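Coordinate analysis (summary)
Residue strings, one per chain:
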Amino acid sequence: MAAAAASDLESKAKEAFVDDDFELAAELYTQAIEAGPATAELYADRAQAHIKLGSYTEAVADANKAIELDPSMHKAYYRKGAACIKLEEYQTAKAALELGSSYASGDARFARLIKECDDRIAEEASQVPAKKATAVVPAATSGATTVATPAEDKEDGANMENSLPNVEVPSKPKYRHDFYNSTTEVVLTIFAKGVPADTVVVDFGEQMLSVSIELPGEEPYHFQPRLFAKIIPEKCKYFVLSTKVEIRLAKAEPLTWTSLDYSGKPKVPQKINLPAESAHRPSYPSSKPKKDWDKLEAEVKKQEKDEKLDGDAALNKFFREIYSDADEDMRRAMMKSFVESNGTVLSTNWKDVGTKKVEGSPPDGMELKKWEY
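Criteria and thresholds
Just so you know, the residues in each chain are numbered from 1, in the order the chain's sequence is written. Owing to the predicted nature of the model, reporting of local features is limited to residues with pLDDT of at least 70; listing and counting of side-chain atom pairs is limited to 80 or more, with chain, interface and lining totals taken over all residues. Hydrogen atoms and water are omitted, and side-chain values are computed over all heavy atoms in the structure. Put simply, DSSP H or I for four residues or longer makes a helix, DSSP E for two residues or longer makes a strand, and each gets a number counted from the N terminus. Residue burial is assigned from relative accessible area. The probe radius is 1.4 Å, only protein chains are included, and a residue is buried under 20% of its type maximum, exposed over 50%, and partly exposed in between. Two residues qualify as a contact provided that any one of their heavy atoms is within 4.5 Å of a heavy atom in the partner residue. With residues, only the protein chains shown are counted as cover, and all accessible areas are computed by Shrake-Rupley using a 1.4 Å probe. We call two strands paired when DSSP finds no fewer than two bridges between them. On a scale of 0 to 100, pLDDT captures the predictor's confidence in every residue. Here the expected span of a helix is defined as 1.5 Å times the quantity of residues minus one. UniProt positions are given in the numbering used here, feature names are shortened, and annotations may be inferred rather than shown by experiment. Each patch groups residues whose relative accessible area exceeds 30% and which form no salt bridge, using 9 Å between like charges and 5 Å between nonpolar side chains of Val, Leu, Ile, Met, Phe, Trp and Tyr. A pairing counts as a salt bridge when a side-chain nitrogen of Lys or Arg comes within 4 Å of a carboxyl oxygen of Asp or Glu. Charge assignment: positive for Lys and Arg, negative for Asp and Glu; neither His nor the chain ends contribute. Throughout, a charge is located at the NZ atom of Lys, the CZ atom of Arg, the CG atom of Asp or the CD atom of Glu. For every element, the axis is a line fit to its C-alpha atoms; helices are fit only across the contacting stretch, and the angle between N-to-C directions ranges from 0 to 180 degrees. Paired rings are identified among Phe, Tyr and Trp, the last through its six-membered ring, by centres lying within 6.5 Å, and are further divided according to the angle between planes into stacked (under 30 degrees), edge-to-face (over 60) and tilted (the rest). Just so you know how the angles are binned, under 35 degrees is roughly parallel, over 145 roughly antiparallel, 65 to 115 roughly perpendicular, and the rest oblique. Left-handed is the label given to a crossing in which the near helix is rotated counterclockwise from the far helix by less than a right angle, and right-handed is the label when the rotation is clockwise. All amino acids are sorted into three groups, where Ala, Val, Leu, Ile, Met, Phe, Trp, Tyr, Cys and Pro are nonpolar, Asp, Glu, Lys and Arg are charged, and the leftover types, Gly among them, are polar. Joining through side-chain atoms within 4.5 Å is the link that ties buried Ala, Val, Leu, Ile, Met, Phe, Trp, Tyr and Cys residues into a set, and such a set is a nonpolar core.

1. What about the overall build of the chain?
In terms of helices and strands, the chain carries twelve helices and seven strands. Within the chain, the fraction of its 373 residues that count as buried is 39%. Expressed as a percentage of contacts within the chain between residues at least 6 apart in sequence, the contacts between residues at least 24 apart total 53%. Looking at the chain as shown, the accessible area adds up to about 21,900 Å², and 53% of this sits on carbon and sulfur atoms.

2. Focus: the pairing of strand β3 (residues 200–204)
Strand direction decides the pairing type here: β3 and strand β4 (residues 209–213), joined by five bridges, are antiparallel. Looking at the pairing, V201 lines up with S212 of β4. Here β3 folds back onto β4, and the loop between the two strands holds four residues.

3. Focus: the confidence of the model for the chain
Overall, the prediction assigns the chain a mean pLDDT of 77, with 71% of residues at 70 or greater. Within the chain, the lowest mean pLDDT, 46, falls on helix α8 (residues 153–156), and the highest, 94, falls on strand β7 (residues 245–250).

4. Things to note about helix α11 (residues 328–340)
Residues separated by three or four positions in an α-helix point in the same direction, a consequence of the helix having 3.6 residues per turn. Between its terminal C-alpha atoms α11 stretches 18 Å, which fits the 18 Å expected from 13 residues at 1.5 Å a residue. Within α11, burial applies to A333, M334, K336 and S337. N342, located one to two residues past α11, shows a positive phi value of around 60 degrees.

5. What about the UniProt feature "repeat: TPR" (unreviewed entry) in the chain?
In the UniProt entry, the feature "repeat: TPR" (unreviewed entry) is given for residues 40–73. For the annotated span residues 40–73, helix accounts for 82% and strand for 0% of the residues, and the straight-line distance between the end C-alpha atoms is 8 Å.

6. Quick look at a negative patch on the surface
The grouping of E15, D19, D21, E23, E27, E34 and E219 at the surface amounts to a negative patch. A per-element tally of the negative patch places helix α2 (residues 22–35) first, with three residues. Relative to the helices and strands, D21 resides in the loop between α1 (2–18) and α2.

7. Examining the sheet that holds β7
Here four strands make up an open sheet; going across it, the order is β1-β2-β7-β6 and the pairing antiparallel. The open sheet has two edge strands, β1 (177–181) and β6 (237–240), and neither has a second partner. Each adjacent strand pair in this sheet contributes to an overall mean axis angle of 15 degrees, direction not counted. As paired strands, β6 and β7 are joined by four bridges and run antiparallel to one another. Its bridge partner being in β7, V240 is matched across the sheet by V245.

8. Concerning the packing of aromatic side chains
Evaluated as defined, the whole model comprises five aromatic pairs. Taken together, a centroid distance of 5.2 Å and an interplanar angle of 75 degrees make the contact between Y78 and F110 edge-to-face. Taken together, the residues span a long stretch of sequence, with Y78 in helix α5 (residues 74–86) and F110 in helix α7 (residues 108–126) at a distance of 32 residues. Just as Y78 is buried, F110 falls in that class too.

9. A look at the side chain of S337
Checked against the element boundaries, S337 lands in helix α11. Assessed through its relative accessible area of 0%, S337 is described here as buried.

10. Concerning the packing of helix α6 (residues 90–101) against α7
For the pair α6 and α7, the least separation of the axes is 9 Å and the interaxial angle reads 155 degrees. Between α6 and α7, the interaxial angle falls into the category roughly antiparallel. With respect to the hand of their crossing, α6 and α7 are arranged in left-handed fashion. Across the interface between the two elements, Y90, Q91, A93, K94, L97, E98, G100 and S101 of α6 pack against F110, L113, I114, C117, D118, R120, I121 and E124 of α7. Taken together, the residues of the contact of α6 with α7 break down into eight nonpolar, three polar and five charged.

11. Quick notes on the nonpolar core
Ranked by size, the top nonpolar core spans 26 residues in total, and within it I190, I213, I247, L249 and W257 carry the most contacts. Put simply, the parts of the chain that give this core at least two residues each are β2 (185–190), β3, β4, β5 (221–223) and β7. Here this core takes four residues from β7, the largest share from any one element. Among residues more than four places away in sequence, those in contact with I213 are Y175, A192, V195, T199, V200, P220, Y221 and V245. By size, the runner-up hydrophobic cluster in this structure holds 22 residues, among which are F22, A26, I33 and I67.

12. Describing the sheet that holds β4
The strand order across the open sheet built from three strands is β3-β4-β5, with neighbouring strands paired in antiparallel fashion. Of all strands in the sheet, those with a lone pairing partner are β3 and β5, marking the two edges. In this sheet, neighbouring strand axes are inclined to one another by 5 degrees on average, regardless of whether the strands run parallel or antiparallel.

Here it is in structure tokens:
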């Protein structure tokens, strides 16, 4: 029954797309995905509807999902490449297109877009301004790069020049977020308390971030900003903590980010040139109203410290707090004493425990057992 409903919604979505009603098409594809089963075909087609609406980060996310479900679907790679070009993610676009072309049986469109990526990458490397810069702004409908011939527009929807992006009023996000700068990175904090690590997915692009948190029975959280400046994806990392998700974005250039999102306006380089004695201090965006970032970070750390735990969780937290502040000798002493004493002795003095075996000393009234392996 659900499959029949999804098939009917998919047919209506295709009709809406042919009629150039891309907003309705995207909504119908979403309903079909929710009705299930959510196929690679549905995600790939919704990605194309997002491209026509100018929602390029959403298009990339859908193309990635389609590729995950069907790694050989060449049109999913094509649409990811086309969307990444619009986002000026040329390296990412080229990688997707090259992989997709291996499944496309000589489709010439891949070669055209790969050549465009090569040209753009060469322009960036030589610092030659592009003749037709593509700005990610709602009104940018002219001067865009052609990615397919008009005849292909209805068949594959690759021609994106004549579509006007749909501008929606954003709803209140499920989780609050803040960020601050250091000389080499931007630290983004998403205040999602108590989310399991396996429900958090974070992807990094050259100037794109995608964060998804999907909890069973709750509305999924998606955060996909076009970043203020370029980052180094392979150096970026994230941590899922008890009170937040902390994301560390490695800057490609030592610039002060005055916002997290790319505004579409030319950026005036703001080189960070801090005195040596204050180089470790983060610099903060100068937006209004001003926030006390030090106080905010201190409050988060206090919440983590005051978190009530018991049993093994409390012991593990206590061990981690001491271990994180210890030097190498202290850490070696802690590990050796804890393991050799079967968890009854915790020493931070390597000189005391380094040359002898640490014997366990159970609490009064209890017996120490040695486990045989």
